[in-house]
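Okay, here's what each chain looks like letter by letter:
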Amino acid sequence: MDYQNKSQQPPRYYGGDFTGQVANQVSAVMRKVYVRMFIGLLISAFCALGVASSPAAITLIYGNPLVYWGMFIAMIVMAFVIPARLMKMSSTTCLLLFCLFAALMGTSLGSIFLVYDIGSITYTFFITAGVFGAMSLFGYFTKSDLSKLGTYCYMALFGLIIASVVNIFMKSDSFEWIISIVGVLLFTGLTAWDTQYVKKMAQSNLAPELTDKLATMGALNLYLDFINLFLYLLRIFGNRN
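So, how was this worked out
- Residues numbered from 1 in each chain as written.
- Predicted model: local features only at pLDDT ≥ 70, side-chain atom pairs only at ≥ 80, totals over all residues.
- Heavy atoms only, no water.
- Helix = DSSP H or I, 4+ residues; strand = E, 2+ residues; numbered from the N terminus.
- Rg over C-alpha atoms; globule rule 2.2 N^0.38 Å.
- Core = buried A, V, L, I, M, F, W, Y, C linked by side-chain atoms within 4.5 Å.
- Buried < 20%, exposed > 50% of the residue type's maximum accessible area, 1.4 Å probe, protein only.
- Contact = heavy atoms within 4.5 Å.
- Axes fitted to C-alpha atoms, helices over the stretch in contact; angles between N-to-C directions.
- Parallel < 35°, antiparallel > 145°, perpendicular 65-115°, else oblique.
- Nonpolar A, V, L, I, M, F, W, Y, C, P; charged D, E, K, R; others polar.
- Phe/Tyr/Trp six-rings, centres within 6.5 Å; stacked < 30°, edge-to-face > 60°.
- Lys NZ or Arg CZ within 6 Å of the ring centre and 35° of its normal.
- Salt bridge = Lys/Arg side-chain N within 4 Å of Asp/Glu carboxyl O.
- Disulfide = S-S within 2.5 Å.
- Polar contact = N/O pair within 3.5 Å; in protein donor to acceptor, adjacent residues only side chain to side chain.
- Left-handed = near helix turned anticlockwise from the far one by under 90°.

Student: Explanation requested: the overall build of the protein in the structure shown.
Tutor: Scanning the protein from terminus to terminus reveals 9 helices and 0 strands. The order of α-helices and β-strands along the protein, N terminus first, is α-α-α-α-α-α-α-α-α. Its C-alpha radius of gyration of 19 Å places the protein within 12% of the 18 Å reference for a compact globule of 241 residues. When the backbone C-alpha atoms are referred to their principal axes, the protein occupies close to 65 × 35 × 30 Å.

Student: Before we go on, may I ask you to explain the nonpolar core in this structure?
Tutor: Side chains of nonpolar character tend, in soluble globular proteins, to be buried together. In terms of nonpolar packing, the biggest core is built from 49 residues, with Met37, Phe187 and Tyr223 touching the most fellow members. Contributions of two or more residues to this core are made by helix H1 (18-52), helix H2 (55-62), helix H3 (65-84), helix H4 (91-108), helix H6 (118-141), helix H7 (147-170), helix H8 (173-204) and helix H9 (208-237). A per-element tally of this core places H9 first, with 12 residues. Not counting chain neighbours up to four residues away, the residues in contact with Phe187 comprise Leu157, Leu160, Asp225, Asn228, Leu229 and Tyr232.

Student: Honestly, the packing of H2 against H3 in this entry has me stumped. Any pointers?
Tutor: Helix-helix packing is characterised by the crossing angle of the two axes and by the distance between the axes. One can describe the packing of H2 onto H3 by two numbers: an axis separation of 5 Å at closest approach and a directional angle of 75°. One element, H2, and the other, H3, form an angle in the roughly perpendicular class. Across the interface between the two elements, Leu60, Ile61 and Tyr62 from H2 touch Val67, Tyr68 and Met71 from H3. Its residues assigned to classes, the contact of H2 with H3 shows 6 nonpolar, no polar and no charged.

Student: I tried to follow the environment of Leu100 on my own but got confused; where do I start?
Tutor: Positionally, Leu100 belongs in helix H4. Separated by 10 residues in the primary sequence, Leu100 and Gly110 have C-alpha atoms spaced 16 Å apart.

Student: I'm lost on the packing of aromatic side chains in this one. Help?
Tutor: Aromatic rings considered in pairs are described by the distance between their centres and by the relative angle of their planes. Using the criterion set out here, one finds 13 aromatic pairs in the structure. Ring geometry for Tyr62 and Tyr68: centres 6.1 Å apart, planes at 50°, overall tilted. A residue is classified by how much of its surface remains accessible, and Tyr62, at 26% relative accessible area, is partly exposed. Overall, the relative accessible area of 30% leaves Tyr68 in the partly exposed class. Geometrically, the ring pair formed by Trp69 and Phe72 is edge-to-face, given 5.4 Å between the ring centres and 85° between the ring planes. One end of the pair is Trp69 and the other is Phe72, both in helix H3 and 3 residues apart, which spans about a single turn. Residue Phe72 is classed as partly exposed on the basis of its relative accessible area, which comes to 38%. Seen from the ring of Tyr140, Lys199 lies directly overhead, with NZ or CZ sitting 4.4 Å from the centre.

Student: I would appreciate a short explanation of the pattern of salt bridges in the present structure.
Tutor: In the structure shown here, the tally under the stated rule is 4 salt bridges. The shortest N-O distance in the salt bridge between Lys200 and Asp145 comes to 2.9 Å. In this pair, Lys200 is assigned in helix H8 and Asp145 in the loop between H6 and H7, connecting sequence segments 55 residues apart. In this structure Asp145 comes out as exposed when scored by relative accessible area, which is 52%. With a shortest N-O distance of 4.0 Å, Arg240 and Glu176 are connected by a salt bridge.

Student: Would you mind going over the state of the cysteines with me for this structure?
Tutor: As used here, a disulfide is simply a covalent bond connecting the sulfur atoms of two cysteines. Taken as a whole, this structure holds 0 disulfides when the rule is applied. The thiol of Cys94 is not disulfide-bonded; the next cysteine sulfur, from Cys99, is found 10 Å away. Assessed through its relative accessible area of 0%, Cys94 is described here as buried.

Student: Would you mind showing me how to read the environment of Ser136 here?
Tutor: Positionally, Ser136 belongs in helix H6. On a C-alpha basis, the gap between Ser136 and Gly218 in space is 12 Å, while along the polypeptide they are 82 residues apart. Setting aside anything within four residues of it in sequence, one finds Ser136 in contact with Tyr34, Thr191 and Thr195. Side-chain polar atoms of Ser136 contact the side chain of Tyr34, separated by 2.4 Å.

Student: I keep staring at the packing of H6 against H8 and nothing clicks. Help me out?
Tutor: Two elements in contact, H6 and H8, have axes whose closest approach is 7 Å; the angle formed by their N-to-C orientations is 40°. As summarised for this structure, H6 and H8 are arranged oblique, according to the angle between their axes. Handedness of the H6/H8 crossing: right-handed. Here H6 contributes Val131, Phe132, Met135, Ser136, Phe138, Gly139 and Tyr140 to the contact with H8, which in turn contributes Thr188, Thr191, Ala192, Thr195, Gln196 and Lys199. Of the residues that constitute the contact of H6 with H8, the class distribution is 6 nonpolar, 6 polar and 1 charged.

Here you go:
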C-alpha cells in the first residue's frame, strides 16, 4: 500500500532540526501503531471471551454456517477495502473499521476457548508476545533492508493458504504440523518487515493528515501478524480439551 500522495510536495522546513522533526514524527506514528494494535487485541479478546461464555452466541455463530461464513467473508472484504479506500476515508472512519474488524475477528476466534484449555492459551499468548516483540524491535532498529524478506514472505503466504485449503480435505495431522511451523516462521518474518515498512513510510511521508491513517494501517498489519502468529503457535503448543 502506497501511503504517499504523489501529487503533493513534501512540506518545507525553514529552520530547526529537520532530522529531529522526522525522528519525532516516526516516534509519534509508532506509538499510535502499537496503542491501536493493543486496543484491537483487547477488543478481540473481550469478544472471544464473550462468545465462549455464552451458549446462545456459540449456537448462533458456530451452529449457523451462514452467520459464520458471513463473518469470515466480511473480514476478507474489509482487509482489502480498508487499504484500497484509505486515501478516500477519514481517519475516524478508518479507525472505526479497524475496531469493527478486530471485533469480528475476536467473535470468530471464540472457538479456541472451546478447543484448547485456558492454560495453554495463556502461555501461548505470552510466547507470541515475546516473539512478536523481539521481531518488531528487530524490524525497527535493524539497518538491513527487509524488502526482499517481505516479498518472499508474501509469496510464501499464498502457498501457505493453498496448503491449508488442501489439508482441509486431506485432514493430515503431519501436514498440519508442517503448515503450523511454516506459518510461525512466515509471520515472524512479516512482523519484522511490516514494522520496518511503517517506519519507512513515517520517515518519507511527512504530510500531517496522512500520519493518522498510516498509524491505523500499520496497526492493522501488525495486528494480523500477531493473531496469525498466535494461532499457529497455539496449534503447536496448545493442549486440546
